[in-house]
Amino acid sequence: MPGEAKAGDINKLFDLSGRVAIVTGGGSGYGEDIARWLAGAGAAVMVADINEANAARAVGELVPLGRVEKVIGDVSRKADIDAMVAATVRTFGSPDIVVNNAGYAQTFGPLLDVSEEEFDKLFAVNVKSIFHMSKAVLPAMIERRRGVIINIASTAGLRPRPNLTWYNATKGSVITLTKSMAGELATSGVRVNALCPGAGDTPLYREKFFAGQDLEQIGTMLRATIPMGRLVEPGDIGAAALYLASDAASYLTGVCLEIDGGRNI
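Residues numbered from 1 in each chain as written. Predicted model: local features only at pLDDT ≥ 70, side-chain atom pairs only at ≥ 80, totals over all residues. Heavy atoms only, no water.

(A) Summary view of helix 3 (residues 52-62). Among the residues of helix 3, Ala55, Ala58, Val59 and Leu62 are the ones counted as buried. Projected onto a plane normal to the axis of helix 3, the buried residues spread over an arc of 100° and lie on a single side. Residues of helix 3 that are exposed and point more than 90 degrees away from the buried face comprise Ala53 and Gly60. Looking at the buried positions of helix 3, the neighbouring elements they touch are helix 2 (29-40), strand 2 (44-49) and strand 3 (68-72). A distance of 3.1 Å separates the backbone nitrogen of Ala53 from a side-chain oxygen at the start of helix 3, and that oxygen is part of Asn51. (Buried < 20%, exposed > 50% of the residue type's maximum accessible area, 1.4 Å probe, protein only. Helix = DSSP H or I, 4+ residues; strand = E, 2+ residues; numbered from the N terminus. Arc of directions from axis to C-beta. Contact = heavy atoms within 4.5 Å. Polar contact = N/O pair within 3.5 Å; in protein donor to acceptor, adjacent residues only side chain to side chain.)

Written as structure tokens, this is what we have:
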């Protein structure tokens, strides 16, 4: 049993050989970092992304690590999620690990400035996508009594910043549904956890959250709120995802792991 592994079996604990992973939003940012760490540990990884150019570039860089392919789709659409999963099954087999990473953000600003259209997209991409993915992958995971789901939440759902109200709400929802899913599935062999990253220099950070603003000034402001004095860097998220996906975390479910340099202390 995974929980019986000894300290000397560290390499085995983190070995994902023979396992299949889907990473949504895997073509850039945190998703690409996660895909890199999972592939490096031996998993066959399907990089799912709405942006074909990003997905192709990421796969080209990750292929030397092992079996990596891409599939294009919009996680807010049930048909696209079903197609992502079907493509994964055809290419690698049934997914053992699913990372719901794809996300959307509002531009930093007053809550009343957000349109209904943007509100709907925030919840469709950040929350409803997890509903669609769960419907698509959980039956097979439950039948095999094995599976790991990792939802990418945010410190925004734990300690909300002003001027990101509706985005904060979506990430709070992800945290709650992660815990609820974990409790309901605890006896099924499926573990459900979440990562709660702080701010990092990702395309979403540059092109959506703080679009048109002085990023150097924003970075200085954010670092001043973080005890460790830096933003999230490549590897911080991927390493944490690998841990939660691996047998080293076989007794963890319902965990919402903060990766924030101490911001939430």
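(B) Region of the structure containing the environment of Arg145. The residue Arg145 is located in the loop between helix 5 (116-144) and strand 5 (147-152) in this model. Under the relative-accessibility criterion, Arg145 is labelled exposed at 52%. Residues in contact with Arg145, not counting those within four places in the same chain, are Thr187, Ser188 and Gly189. A polar contact is formed between the side chain of Arg145 and the backbone oxygen of Thr187, at a distance of 2.6 Å.

(C) The arrangement of the nonpolar core in detail. Counting 47 residues, the largest nonpolar core has Met133, Leu138, Met141, Met181 and Val192 as its most contacted members. Looking at this core, the elements with two or more residues in it are strand 1 (20-24), strand 2, helix 4 (78-91), helix 5, helix 6 (165-185), strand 6 (190-197), helix 7 (203-209) and helix 8 (215-223). Discounting chain neighbours no more than four positions away, the residues touching Met181 are Ile130, Ser134, Leu138, Ile149, Asn151 and Val192. Listed in part, the 31 residues of the second largest apolar core include Val23, Leu38, Val45 and Ala241. (Core = buried A, V, L, I, M, F, W, Y, C linked by side-chain atoms within 4.5 Å.)

(D) Structural context of unusual backbone geometry. Backbone geometry places Arg145, a non-glycine residue, at a positive phi of 55°. At Asn163, a residue that is not glycine, the phi angle is positive and equals roughly 75°.

(E) Just the sheet that holds strand 4 (residues 97-100), in detail. What the 7 strands build is an open sheet, ordered 3-2-1-4-5-6-7; its pairing is parallel. Single-partner strands in this sheet number two, and they are strand 3 and strand 7 (256-259). The average undirected angle you get between the axes of adjacent strands in this sheet is 20°. In the packing of helix 3 onto the sheet, the strands contacted are strand 2 and strand 3, and the crossing angle to strand 3 comes to about 175°. Against the sheet, helix 9 (residues 236-245) engages strand 4, strand 5, strand 6 and strand 7, with an angle of about 165° to strand 6. (Pairing = 2+ DSSP bridges. Axes fitted to C-alpha atoms, helices over the stretch in contact; angles between N-to-C directions.)

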